[in-house]
Amino acid sequence: MDDAAAKPTKAFRIETADRGSRTAAVIATVVLLALVLLPAFAGRNLIQDLIFLFYMLALAQCWNLLAGYAGLISVGQQAFVGLGGYLLFALTLLGGINPLLAIPIAGVVSALFALPTALIVFRLHGAYFAIGTWVVAEVYRLVFAQFKPLGGGTGTSLTPSITSSVPGIEWVKALLDVRTPAARDIISYWVALALVAGTLAFVYLVLRSRRGLALGAIRDHEAAAASLGVDIYRVKLVVYVATAAMTGMVGALIYLQKARISPDAAFSVLDWTAYIIFIVVIGGIGTMEGPVIGAIIFYLMQRYLADFGASYLILMGSLAIIVMLFAPKGIWGFVSERFNLTLFPIRRRLVIQTDNSGRVEPSAEEPPRHGGA
Amino acid sequence: MTGWLDALIQGVLLGGLYALFAAGLSLIFGVMRLVNLAHGDLIVLAAFAVLVVAGKLGLDPFVAVLIALPIVFIIGFGLQYVLLNRTLGRDLLPPLLVTFGLSIIIQNGLLQIFSADSQRLHSGAIETASIPLGGGIAVGVVPVLTLLSAIVVIVLLNVIFYRTSIGRAFRATSDDLEVAQLMGIDHRRIFATAMGLAFVAITIAALYLGLRATFDPTIGPARLLYAFEAVIIGGIGSFWGTLAGGIVLGLAQTIGARIDPEWQILAGHLAFLVVLVLRPRGLFPRAQD
């Protein structure tokens, strides 16, 4: 900055964070600490609700990175939730591996599955890609329904000896004076918190990196990005495989917590894709803040309206249509435009200095997201 | 041998049903590149509509469908004109999400009204009638009618697409939307007309869906996948390709089922993926595009 201040001519610099986002970073750290310590005070119901909120948010961030940035609109992410769940069951029930170790292994294996899957579905583009991923998820479901050691079409349950073999349970029981099932929830809660924090950090770091610039360029205009030298295929492949790994880990955690798996539930397009899309779209696609807001709204709707069954889903479908038609940037898009807020500073702003007094004026920003919308 | 020959014949006939599922989807892919994720649910919705009309008026399903065709054309036209046209543009997400939302609304609306019970369309003796072909092989009258109807629908779509003025407008908007607009084509009406025609095909597909097997509100998405696979296997933009794609899918499913009944659906999906790997543009891709 000294160079710029010394010269009276126009100088510029690139800025990402502003005061709002710096405050947000402080608040996020405090919230994270509070959440880590929460099991000491909170009841079991709240812990279970938060586990649900966390894994839905982690899945939503993954889908947002895929669809909102890389332009890969997948309707088949349930493939990797189910795969992760089944891998956890296979590793613990058949392989005798410790459940907490099985979660990262499930992530690695999901990535290994995602690579050949991508080579096939990447032959389809745009909307055709969407249905292609759905077909692949169906193939995964039908194959696991044939896998007899894990119960075939009807599925199977984790044995109590496995669910209570999660490391740390004894320690939590002694520390917080709770019974085994509650201690198990607390461990799952911490894992879920770690996964959601890890996902947020990963998405944030990716978007702040060079590759993030490429992703933003692809989001805004794919052909233009390609002409500027972005290797579209490679960037998309990396994003697809990385989100598959994270989705697989979240899937493994979900089914460790549920302790019962069946092909229809594990590969459910409604639970693991429709809800996730709803969260991202309501909150605001192509932003990191959007899925957070969307997940909280979804959690509240699920909690207070899910008893209405079919009408609840009709309401949700209608809401998604209305938002897409009239506010395609979602709630966060509306708020951030109105108040110029960023909590996760991933946008780069061009700041032009006109004099040497050191005063800076934000003058130009990134072009608006979703130029066509 | 007879068993395998039978499987082949039944596969081709089943392919007729899948071609009917796919005909409407193929038309709207071709004209406006819209991927309608509610397509399967619309087929199921139409089947329920035929069920109600036939039941309430005491009509044979075939007659009920004939009466329904102009009405569904108007519904399809209206849906495209009022709702789906708003979603079309450079961004892919709005049409996908709006039709995905529609899919969820239709499924749950049907569940609300008709419950999850399996339903079936009834048309008297024709349902169970069959034609013996000798050698212990017989084909059902309804499956044969399905295949013949699929061929008729494909021929009609080709005639409309390549021999009429509306078809010329379809091809023009499909090839270059902006230039077509400059030539005075109102693309919104053209798209709405295409959707109206797709709804006619959907309703015919629904008739045979209901006559051949039971249906319930949840089976829509699977029908969407079959229709989509038939279109992609055949090659986007070719109606005859769609018919061929449907037959390839039907054959894969019956051959898979012949090996192990549990593999029927999986075999169809795998055939689709194999075609995607070997011939990503389908068996009969249109020259341009």
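Note that the structure is a prediction, hence the values are computed from the model and not measured. (Residues numbered from 1 in each chain as written. Chains lettered and ligands numbered in written order. Predicted model: local features only at pLDDT ≥ 70, side-chain atom pairs only at ≥ 80, totals over all residues.)

J.: Outline the overall build of chain A, listing residues and values.
T.: Looking only at helices and strands, chain A features 17 helices and five strands. Counting every position in chain A, which comprises 373 residues, the buried fraction comes to 43%. Contacts in chain A between residues at least 24 apart in sequence constitute 76% of all its contacts with a sequence separation of at least 6. (Helix = DSSP H or I, 4+ residues; strand = E, 2+ residues; numbered from the N terminus. Buried ≥ 20, exposed ≤ 12 C-beta atoms within 10 Å, placed from the backbone. Contact = placed C-beta atoms within 7 Å.)

J.: I'd like a rundown of the overall build of chain B, residues and numbers included.
T.: Within chain B, the regular secondary structure consists of 11 helices and two strands. Put simply, chain B runs from its N terminus to its C terminus through helices and strands in the order α-α-α-α-β-β-α-α-α-α-α-α-α. Over its C-alpha atoms, taken along the principal directions, chain B stretches across nearly 60 × 50 × 35 Å. Residues classed as buried in chain B amount to 53% of the 289 residues present. Considering only contacts in chain B between residues 6 or more positions apart, those separated by 24 or more positions represent 76%.

J.: Describe the environment of Gly290 of chain A, and please don't skip the residues or the numbers.
T.: All names here are of chain A. Relative to the elements of secondary structure, Gly290 occurs in helix α15 (residues 289-305). Judged by the 27 C-beta atoms lying within 10 Å of it, Gly290 is buried. Residues Gly290 and Ala24, spaced 266 residues apart in sequence, show a C-alpha to C-alpha distance of 15 Å. What Gly290 contacts, discounting residues up to four positions off in sequence, is Asn64, Val280, Gly283, Gly284, Ile285, Gly330 and Trp332.

J.: Describe the pairing of strand β1 (residues 130-134) of chain B, and please don't skip the residues or the numbers.
T.: The side chains of a regular strand alternate between both faces of the sheet. Residue and element names in this part refer to chain B. With respect to burial, β1 is a largely exposed element, only zero of its five residues being buried. As paired elements, β1 and strand β2 (residues 137-140) share four bridges and run antiparallel to each other. Of the residues in β2, the one forming a bridge with Gly134 is Ile137. What sits between β1 and β2 in their antiparallel hairpin is a turn of two residues, with Gly135 showing a positive phi close to 70°. (Pairing = 2+ DSSP bridges.)

J.: Give a detailed account of the packing of helix α4 (residues 78-94) of chain A against helix α12 (residues 232-258) of chain A, specifying residues and quantitative values.
T.: Residues and elements named next belong to chain A. Orientation of α4 relative to α12, taken along the N-to-C sense of each, is 55°, at an axis distance of 6 Å. Considering their axes alone, α4 and α12 lie oblique with respect to each other. The way α4 lies across α12 gives a crossing that is right-handed. Between α4 and α12, the contacting residues are Phe80, Val81, Gly82, Leu83, Gly84, Gly85, Leu87, Leu88 and Phe89 on the first element and Ala244, Thr247, Gly248, Met249, Val250, Gly251, Ala252, Ile254, Tyr255 and Leu256 on the second. Looking at the contact of α4 with α12, its residues break down into 13 nonpolar, six polar and no charged. (Axes fitted to C-alpha atoms, helices over the stretch in contact; angles between N-to-C directions. Parallel < 35°, antiparallel > 145°, perpendicular 65-115°, else oblique. Left-handed = near helix turned anticlockwise from the far one by under 90°. Nonpolar A, V, L, I, M, F, W, Y, C, P; charged D, E, K, R; others polar.)

J.: A description of the interface of chain A and chain B should follow, citing residues and the corresponding values.
T.: Listed by partner, the interface residues are 35 residues for chain A and 34 residues for chain B. Only α6 (126-145), α14 (269-283) and α16 (310-326) of chain A provide two or more residues apiece to the side of chain A that touches chain B. A breakdown of the residues in the side of chain A that touches chain B according to their chemical character gives 26 nonpolar, seven polar and two charged.

J.: Kindly report on the nonpolar core, identifying the contributing residues and their values.
T.: Most often, soluble globular proteins keep nonpolar side chains buried together rather than apart. Among the nonpolar cores identified, the biggest contains 207 residues, and Leu253 of chain A together with Leu20, Val50, Ala194 and Ala201 of chain B are the most heavily contacted of them. Among all residues touching Val50 of chain B, those that are not within four sequence positions of it are Pro61, Ala64, Val65, Ala68, Leu121, Ala206, Leu207 and Gly210 of chain B. (Core = buried A, V, L, I, M, F, W, Y, C linked by C-beta atoms within 7 Å.)

J.: Residue-level account of unusual backbone geometry, with values.
T.: Of note in the backbone geometry, Ala259 of chain A takes a positive phi value of approximately 60° without being a glycine. Following the sequence through the fold, Ala259 of chain A ends up in the loop between α12 and β3 (260-261). Positive phi is not limited to glycine here, since Arg33 of chain B has a value of about 55°. Given 17 C-beta atoms within a 10 Å radius, Arg33 of chain B is considered partly exposed.

J.: Break down the environment of Tyr189 of chain A for me, citing the residues and quoting the values.
T.: All names here are of chain A. As for its position among the elements, Tyr189 is in helix α9 (residues 180-208). For the pair Tyr189 and Leu50, spaced 139 residues apart in the sequence, the C-alpha separation amounts to 7.3 Å. The contact partners of Tyr189, leaving out residues within four places of it in the chain, are Pro39, Ile47, Leu50 and Ile51.

J.: Can you lay out helix α17 (residues 330-339) of chain A for me, pointing to particular residues and giving the numbers?
T.: Residue and element names in this part refer to chain A. Buried within α17 are the following residues: Gly330, Trp332, Gly333 and Ser336. Projected down its long axis, α17 carries its buried residues within an arc of 100°, all on one side. Turned more than 90 degrees away from the buried face of α17 sit Arg338 and Phe339, all of them exposed. Elements in contact with the buried residues of α17: α14, α15 and α16. Taken from the residues just after α17, Asn340 is the one with a positive phi, measuring 55°. (Arc of directions from axis to C-beta.)

J.: Account for the packing of α6 of chain A against helix α9 (residues 220-234) of chain B, naming residues and giving values.
T.: Here α6 of chain A crosses α9 of chain B at 120°, and the two axes come no closer than 11 Å. With respect to their mutual orientation, α6 of chain A and α9 of chain B come out oblique. Once α6 of chain A is placed against α9 of chain B, the crossing between them reads as left-handed. Together, Tyr128, Ile131, Trp134, Val135 and Glu138 of chain A of α6 of chain A and Leu225, Phe228, Glu229 and Ile232 of chain B of α9 of chain B make up the contact between the two elements. Here the contact of α6 of chain A with α9 of chain B is built from residues that sort into seven nonpolar, no polar and two charged.

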